[in-house]
Amino acid sequence: MTDLAAALRQALGPEGVLTATEAMAPYARDATAGYAQTPAVVVFPKDTGQVATVVRLCGQFRAPIVPRGGGTSLSGAAVPVPGAVVMCMQKMDRILELDIRNLTMLVEPGVITERVDVAAAQAGLFYPPDPGSIKTSMIGGNVASNAGGLRGIKYGVTRDYVLALEVVLADGTITWLGSKCLKDAAGYSLRDLFIGSEGTLGIITKILLKLLPRPTAKATVLATFPDMEQAAATASAIIAARLLPCTLEFLDQKTLRCVEKKVHMGLPINAGALLLMETDGHPAAVAEEGAKMAELARANGAIEVHQATNAAEAERLADARRQAYPALAEAHPSAILEDVTVPRSELAAMVRFIEEVTHRHGVECAIFGHAGDGNFHPTYLTDERDAAAMVRVKAAAREIALEALRRGGTITGEHGVGLAKKGYLPLQHGAGSYALLKQIKRALDPENLFNPGKIFDL
């Protein structure tokens, strides 16, 4: 590895390479509890050419490459493997083009996600995907994990806003996949192979994003309930009424209390559950939909319903929801954030199951998530240093994943597979499609150097 480190320093300069163990410590793990591995080298390329050079050098030395953005992954996707070169994309952080005629933005992978929407907003445009880590995650990581977010119910996920990618392949070839056209039927959608691939097929170096006109109005409604089931039932009723809110989020009491302790907003900590509802669009439609959602909340047992009176209050409420995981993590030795999704009609039943199974295994669990698209985040409040506790956590997590599949759901709605979920993947895919995944990996990365051991083992 000494020879590879020397070659990398020659290619990137000494400032672009880390080899000291202490300096590399922050890159040994991502935001996933329970996984850590010190890399052999960390590199910081500044452009696509340097990325291609690093890939070729790693191929010559047969060194695995683990791409890394903001390190916010909750699946272990950015955790190094032994002997790995971690490729940190933080210096590739330029917004290269904002095309207001075609409603597109060309960015490098190290751009913080929030910057994308802020830059779009300055032109009166809108980048809808908004993961909980929007202030710290990088757009390249969002693409690599097909990140979701609070607005997923109406606007979809990252995949729905990627028009084209520049990707460095395993032999160092630089290729462009896609175009500015909204319609493109020219052969296989190669671009889509790399979205959600978690760095296992190539290194994403440029991203062409689709933007939308910015909504002219928004209404934010907060409802509190005696328990989670009534909050879930309200979410199901909103969908059944054919309303399409842009945000439909829920927090249980444990999460609510931790969030209030962190943000001090006067949130109703004695409520059993909270539902955050937002609608956006034309002012008249927004007013009507906001009133209907409030009515449905009351009809389903809401204790209190409150509508934000101005944009600043609405933003504070949305930001409080984004603090759910950080607040839980700060309040406990370990907060292990899970991610399963079920059809929206199964919301209330899945809440009941999660509460029952965690109680049965003796695991303290908080529940929050995206009620509008059926995406739950059961968060196990434990201590990862306690082996017995982790056995119970893993047993509960397995039952919850299997129940999600039994109800027609998926083992991960937005976090990805990484290390944490790869044991469940064959259960979801079945033999045929699981084998196809591996065939694609072998075709594009025959030496298995791109993020090996993530999603599945070869």
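Just so it is clear, the structure is predicted and the values come from calculations on it, not from any experiment. (Residues numbered from 1 in each chain as written. Predicted model: local features only at pLDDT ≥ 70, side-chain atom pairs only at ≥ 80, totals over all residues. Heavy atoms only, no water.)

Chemist: When you look at the overall build of the protein in this model, what are you seeing that I'm missing?
Modeler: Helix and strand counts for the protein stand at 15 helices and 19 strands. Along the first, second and third principal axes, the C-alpha atoms of the protein reach 65 × 60 × 45 Å. Counting the 458 residues in the protein, one finds 55% classified as buried. Across the protein, 46 positive and 49 negative side-chain charges occur, with their mean positions spaced 3 Å apart. (Helix = DSSP H or I, 4+ residues; strand = E, 2+ residues; numbered from the N terminus. Buried < 20%, exposed > 50% of the residue type's maximum accessible area, 1.4 Å probe, protein only. Lys, Arg positive; Asp, Glu negative; His and termini not counted. Charge placed at Lys NZ, Arg CZ, Asp CG, Glu CD.)

Chemist: I would appreciate a short explanation of the environment of Gly 34 in the present structure.
Modeler: Assignment of secondary structure puts Gly 34 in the loop between α2 (21–24) and β2 (41–43). Take Gly 34: its relative accessible area is 48%, and that puts it in the partly exposed class. Placed 292 residues apart in sequence, Gly 34 and Pro 326 show a C-alpha to C-alpha distance of 17 Å. Other than its neighbours up to four places away in sequence, Gly 34 contacts Arg 29 and Glu 384. (Contact = heavy atoms within 4.5 Å.)

Chemist: Just checking my understanding: could you explain the packing of aromatic side chains for this structure?
Modeler: Each aromatic ring pair is specified by the distance between its two centres and by the angle formed by the two planes. Inspection of every chain in the model, using the stated rule, returns five aromatic pairs. Residues Tyr 127 and Tyr 161 carry aromatic rings whose centres are separated by 6.1 Å and whose planes lie at 75° to one another, so their mutual orientation is edge-to-face. Placement of the pair is Tyr 127 in the loop between β7 (125–126) and α5 (139–145) and Tyr 161 in the loop between α6 (152–155) and β8 (162–168), with a sequence separation of 34 residues. Tyr 161 carries the same exposure label as Tyr 127, and that label is buried. The interplanar angle of 70° and the centroid separation of 5.5 Å between the aromatic rings of Phe 250 and Phe 376 together place this pair among those described as edge-to-face. Taken together, the residues span a long stretch of sequence, with Phe 250 in strand β13 (residues 247–252) and Phe 376 in strand β19 (residues 375–382) at a distance of 126 residues. A relative accessible area of 0% places Phe 376 in the buried class. Stacked on the ring of Tyr 161, the Lys or Arg Lys 210 has its end atom at 5.2 Å from the ring centre. (Phe/Tyr/Trp six-rings, centres within 6.5 Å; stacked < 30°, edge-to-face > 60°. Lys NZ or Arg CZ within 6 Å of the ring centre and 35° of its normal.)

Chemist: Looking at this structure, how should I read the sheet that holds strand β1 (residues 17–18)?
Modeler: Paired through their backbone hydrogen bonds, the strands of a sheet run either parallel or antiparallel. Pairing is mixed across the open sheet formed by four strands, whose spatial order is β1-β2-β4-β3. Looking at which strands have only one partner, the edges of the open sheet turn out to be β1 and β3 (65–68). Across four bridges, β3 lies against strand β4 (residues 85–88) in parallel orientation. The residue bridging Val 66 from the neighbouring strand is Val 86, located in β4. Those strands touched by helix α1 (residues 2–12) are β1, β2 and β4, and its axis lies near 15° from that of β2. The sheet strands contacting helix α3 (residues 48–61) are β2, β3 and β4, and the helix crosses β4 at an angle near 170°. (Pairing = 2+ DSSP bridges. Axes fitted to C-alpha atoms, helices over the stretch in contact; angles between N-to-C directions.)

Chemist: Which parts of the structure should I look at to understand the pairing of strand β12 (residues 217–225)?
Modeler: Along any regular strand the residues' side chains alternate between the sheet's two faces. Counting buried residues along β12, eight of its nine residues qualify, which places the element largely inside the surrounding structure. The pairing of β12 with strand β14 (residues 273–281) spans nine bridges and is antiparallel. Residue Val 221 lies in a different strand from β14, and its bridge partner there is Met 277. In this structure, β12 lies alongside strand β15 (residues 304–307), joined through four bridges in antiparallel fashion. By the bridge assignment for β15, Leu 222 is matched with His 306.

Chemist: Any chance you could explain the sheet that holds strand β6 (residues 104–107) here in plain terms?
Modeler: Taken together, five strands build an open sheet; the order of strands is β5-β6-β10-β8-β9 and the sheet is antiparallel. Edge positions in the sheet fall to β5 (95–99) and β9 (174–178), since each has one partner strand and no second. If you compare each strand with its neighbour and ignore which way they point, the axes differ by 15° on average. Inspection of the sheet shows β6 paired to strand β10 (residues 203–210) by four bridges, in the antiparallel sense. Looking across to β10, one finds that Val 107 is bridged to Ile 207.

Chemist: What is the right way to look at the packing of α1 against α3 in this model?
Modeler: Contact geometry for α1 and α3: axes closest at 10 Å, N-to-C directions at 165°. The orientation of α1 with respect to α3, classified from their angle, is roughly antiparallel. The hand of the α1/α3 crossing is right-handed. Residues Asp 3, Leu 4, Ala 7, Leu 8, Ala 11 and Leu 12 of α1 form the contact with α3, whose participating residues are Gln 50, Thr 53, Val 54, Leu 57, Cys 58 and Phe 61. Considered class by class, the residues forming the contact of α1 with α3 number nine nonpolar, two polar and one charged. (Parallel < 35°, antiparallel > 145°, perpendicular 65-115°, else oblique. Left-handed = near helix turned anticlockwise from the far one by under 90°. Nonpolar A, V, L, I, M, F, W, Y, C, P; charged D, E, K, R; others polar.)

Chemist: Just checking my understanding: could you explain the pattern of salt bridges for this structure?
Modeler: Opposite charge on two side chains lets them pair, provided their charged atoms get close. Summed over all chains, the structure comprises 28 salt bridges. Among the salt bridges present, the one from Lys 441 reaches Asp 445, with a minimum N-O distance of 2.7 Å. Judged by its relative accessible area of 2%, Asp 445 is buried. Each of the salt bridges in this network shares a partner with another, and the network as a whole consists of Glu 346, Glu 403, Arg 406 and Arg 407. (Salt bridge = Lys/Arg side-chain N within 4 Å of Asp/Glu carboxyl O.)

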